[in-house]
Amino acid sequence: MRRPAVTGIAHGELSVRDLDRSVRWYCELLGARDVSRATSDVDGITACAILEPRSKLVLAFTQHREASPSPFDPRRAGLDHLSFAVADRAELEAWRRGSTSSASRTARCRTRATRTR
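Just so we're clear, the structure is a prediction, and the values are computed from it rather than from any experiment.

In this structure, what is going on with the overall build of the protein? I would like to understand it.
Summing up its helical and strand segments, the protein has three helices and four strands in all. When the helices and strands of the protein are read in sequence order from the N terminus, they spell out β-α-β-β-β-α-α. Split into buried and exposed, the 117 residues of the protein put 24% on the buried side. Counting only contacts in the protein whose residues sit at least 6 apart along the sequence, the fraction spanning at least 24 positions is 45%. If you sum the accessible surface of the protein, you get close to 9700 Å²; carbon and sulfur atoms cover 51% of it.

Here is the structure:
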């Protein structure tokens, strides 16, 4: 079977408790813009997609009207975290220092050594 060449991630979708708050936070963090909104009464959802201008990554957010009241638990199946790649630690630190965004100041930052083959 021939597999397609994956060239990147087209989009990621996150279920959120507060759609407007989440969209605002990620737009502020990434310099993204809101590009699409929709509501489905049949599915009981309201959704929004944002576009990060440099990488063209689309993040979609869905708020379910009948959301589970249980708190986040990384042991439960589902998304644990979302990680964005930057060139190096220096670029990350420059972004955090130079940003007036409260989102970038509150984002947790970790580095991972890049392996080369």
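Help me understand the state of the cysteines in this model?
Working definition of a disulfide: a covalent bond connecting the sulfur atoms of two cysteines. The full count for this structure, using the stated rule, is zero disulfides. The thiol of C27 is unpaired, and the distance to the nearest cysteine sulfur, on C48, comes to 6.7 Å.

Could you clarify how one ought to interpret the sheet that holds strand β2 (residues 33-40) in this entry?
The four strands are arranged β1-β4-β3-β2 in an open sheet whose pairing can be described as mixed. Because the sheet does not close on itself, it has two edges, and the strands there are β1 (11-15) and β2. Neighbour to neighbour, the strand axes of the sheet diverge by 20° on average, direction disregarded. In the sheet, β1 pairs with strand β4 (residues 58-64) via five bridges, with the strands oriented parallel.

Can you help me understand the side chain of S22 in this one?
Secondary-structure assignment places S22 in helix α1 (residues 19-30). Its relative accessible area of 16% is what places S22 among the buried residues. For S22, the residues in contact, after removing those within four places along its chain, are V16 and F61.

Please clarify how the packing of aromatic side chains should be interpreted in this entry.
Pairs of aromatic rings are described using the distance from one ring centre to the other and the angle between the two planes. Scanning the entire structure with this criterion turns up two aromatic pairs. Between the aromatic rings of W25 and Y26, the centroid separation amounts to 5.0 Å while the plane-to-plane angle is 80°, which identifies the pairing as edge-to-face. For W25, a relative accessible area of 31% corresponds to the partly exposed category. With a centroid separation of 5.2 Å and an interplanar angle of 40°, the aromatic rings of Y26 and F61 are classed as tilted. Of this pair, Y26 sits in helix α1 while F61 is found in strand β4, placing the two residues 35 residues apart along the sequence. A relative accessible area of 0% means that F61 is categorised as buried. Aromatic rings pair up to connect W25, Y26 and F61 into one cluster.

Cut-offs used in this document
Note on numbering: residues in each chain are counted from 1, in written sequence order. With pLDDT at 70 or above as the cut-off, local features in this predicted model cover only qualifying residues; side-chain atom pairs require 80 or more to be listed or tallied, and sums for whole chains, interfaces and linings still use all residues. Only hydrogens and water are set aside; all other atoms, that is, all heavy atoms of the structure, feed into the side-chain values. For the purposes of this entry, the term helix denotes a DSSP run of H or I that reaches at least four residues, the term strand denotes a run of E that reaches at least two, and both are numbered from the N terminus. Only protein chains enter the calculation, and the probe is 1.4 Å; a residue is then buried if its accessible area is under 20% of its type maximum, exposed if over 50%, and partly exposed in between. Whether two residues touch is decided by their heavy atoms; if any such pair falls within 4.5 Å, the residues are in contact. Only the protein chains shown count as cover for residues, with accessible areas throughout obtained via the Shrake-Rupley method and a probe of 1.4 Å. The disulfide criterion is simple: two cysteine sulfur atoms within 2.5 Å. Here, any two strands with at least 2 DSSP bridges between them count as paired. All axes here are fitted lines through C-alpha atoms, helices being fitted over the stretch that makes contact, and every angle between N-to-C directions spans 0 to 180 degrees. Each pair of aromatic rings taken from Phe, Tyr and Trp, with Trp reduced to its six-membered ring, is defined by centres within 6.5 Å and is described as stacked if the planes are under 30 degrees apart, edge-to-face if over 60, and tilted in the remaining cases.

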